[in-house]
Amino acid sequence: TGRENVMLGGLAAGLTRAEVNEKFDEIADFSDLGDFIDMPMRTYSSGMKSRLGFAITTIIDPDILIIDEALAVGDALFQKRCFQKIERLLSDGVTLLFVSHDQESVRTLTNRAVLLRKGRVAAFGVSSEVVLEYRRQLHDDESAYFGEIAKRIGDKAAQANAVKLDVSA
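About the criteria used
- Residues numbered from 1 in each chain as written.
- Predicted model: local features only at pLDDT ≥ 70, side-chain atom pairs only at ≥ 80, totals over all residues.
- Heavy atoms only, no water.
- Helix = DSSP H or I, 4+ residues; strand = E, 2+ residues; numbered from the N terminus.
- Rg over C-alpha atoms; globule rule 2.2 N^0.38 Å.
- Buried < 20%, exposed > 50% of the residue type's maximum accessible area, 1.4 Å probe, protein only.
- pLDDT = per-residue confidence, 0-100.
- Axes fitted to C-alpha atoms, helices over the stretch in contact; angles between N-to-C directions.
- Parallel < 35°, antiparallel > 145°, perpendicular 65-115°, else oblique.
- Contact = heavy atoms within 4.5 Å.
- Nonpolar A, V, L, I, M, F, W, Y, C, P; charged D, E, K, R; others polar.
- Core = buried A, V, L, I, M, F, W, Y, C linked by side-chain atoms within 4.5 Å.
- Patch = residues over 30% accessible without salt bridge, like charges linked within 9 Å, V, L, I, M, F, W, Y side chains within 5 Å.
- Areas by Shrake-Rupley, 256 points an atom, 1.4 Å probe, with all protein chains shown as cover.
- Salt bridge = Lys/Arg side-chain N within 4 Å of Asp/Glu carboxyl O.
- Pairing = 2+ DSSP bridges.

Caption draft 1: Structural detail: the overall build of the protein. On a plain count of helices and strands, the protein comes out with 6 helices and 4 strands. Going residue by residue from the N terminus, the α and β elements of the protein occur as α-α-α-β-α-β-α-β-β-α. Relative to a compact globule of 169 residues, whose C-alpha radius of gyration would be 15 Å, the protein shows 24 Å and is clearly more extended. The principal-axis extent of the C-alpha atoms belonging to the protein is close to 90 × 40 × 25 Å. In the protein, which comprises 169 residues, the share counted as buried stands at 29%.

Structure (structure tokens):
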């Protein structure tokens, strides 16, 4: 169940049973799962699992918080609560490793960013500048993609015209 998952997650993070029990209501409230907290995890959607995981992870006062696309799920209100929680943790000195394709979140939540392309570092530096480089690369990729489509269409049109010429000869 979600309740058991909270206990396991807390114990795995080094808390005692008493500490997990003390924080349980705060975790359950943050996840906003209501009665689903006592339902089997196999009945949870991926968004529900992410909500619970985020609540557990952030309530245990981490030194380093790693978030990998976890904020892509959930409604706008839950995402807002997550961002507020992250900002509080950052102001308390928590180190954040944030992995996302959400450009605005990268720009606003981080000071420095690394852009990976095909497993290699493509850019590193101030987040806003790295986001601009990401946008430039997206534009270049999109231009190349549509250029290739235009070339294929042109090649097919040329072949069709060549066939017409052969038939009329």
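Caption draft 2: Structural view of the confidence of the model for the protein. Chain-level statistics for the protein give a pLDDT mean of 89 and a share of 95% at 70 or above. Considering each helix and strand of the protein separately, the mean pLDDT is smallest for helix H6 (residues 127–168), with a value of 87, and largest for strand S4 (residues 120–126), with 96.

Caption draft 3: Quick look at the packing of helix H2 (residues 17–31) against helix H4 (residues 76–91). Following both chains from N to C, one finds H2 and H4 inclined at 130°, their axes separated by 10 Å at the closest point. The angle between H2 and H4 places the two elements in the oblique class. Taken together, the residues of H4 that come into contact with H2 (itself represented by Asp29, Phe30 and Ser31) are Phe78, Arg81, Cys82 and Lys85. Residue composition of the contact of H2 with H4, grouped by class: 3 nonpolar, 1 polar and 3 charged.

Caption draft 4: Fine view of the nonpolar core. Core analysis: the largest hydrophobic core is formed by 35 residues, its most contacted members being Val6, Leu52, Ile67 and Ile86. Ignoring anything within four residues of it in the chain, the contact list for Val6 reads Val20, Phe24, Ile27, Ile37, Leu52 and Ile56.

Caption draft 5: A look at a nonpolar patch on the surface. Residues Ile64, Ile66, Leu97 and Val99 make up a contiguous nonpolar surface patch of roughly 370 Å² in combined accessible area. As for its position among the elements, Val99 is in strand S2 (residues 95–99).

Caption draft 6: Inspection of the environment of Leu132 at higher detail. Structurally, Leu132 can be placed in helix H6. Relative accessible area serves as the criterion here: at 43%, Leu132 is assigned to the partly exposed category. The sequence separation of Leu132 and Val114 amounts to 18 residues, and the corresponding C-alpha distance is 12 Å.

Caption draft 7: Quick look at the pattern of salt bridges. Under the counting rule described, the total for this entry stands at 6 salt bridges. The salt bridge partner of Lys151 is Asp155, with a shortest N-O separation of 3.1 Å. Remark: Asp155 and Lys151 occur in helix H6; sequence separation between them is 4 residues, near one turn of the helix.

Caption draft 8: Highlighting the pairing of S4. Two elements, strand S3 (residues 112–117) and S4, share 6 bridges in a ladder whose sense is antiparallel. The residue bridging Val114 from the neighbouring strand is Phe124, located in S4. Linking two consecutive strands that pair antiparallel, namely S3 and S4, is a turn of 2 residues; a positive phi of about 55° is found at Lys118 within it.

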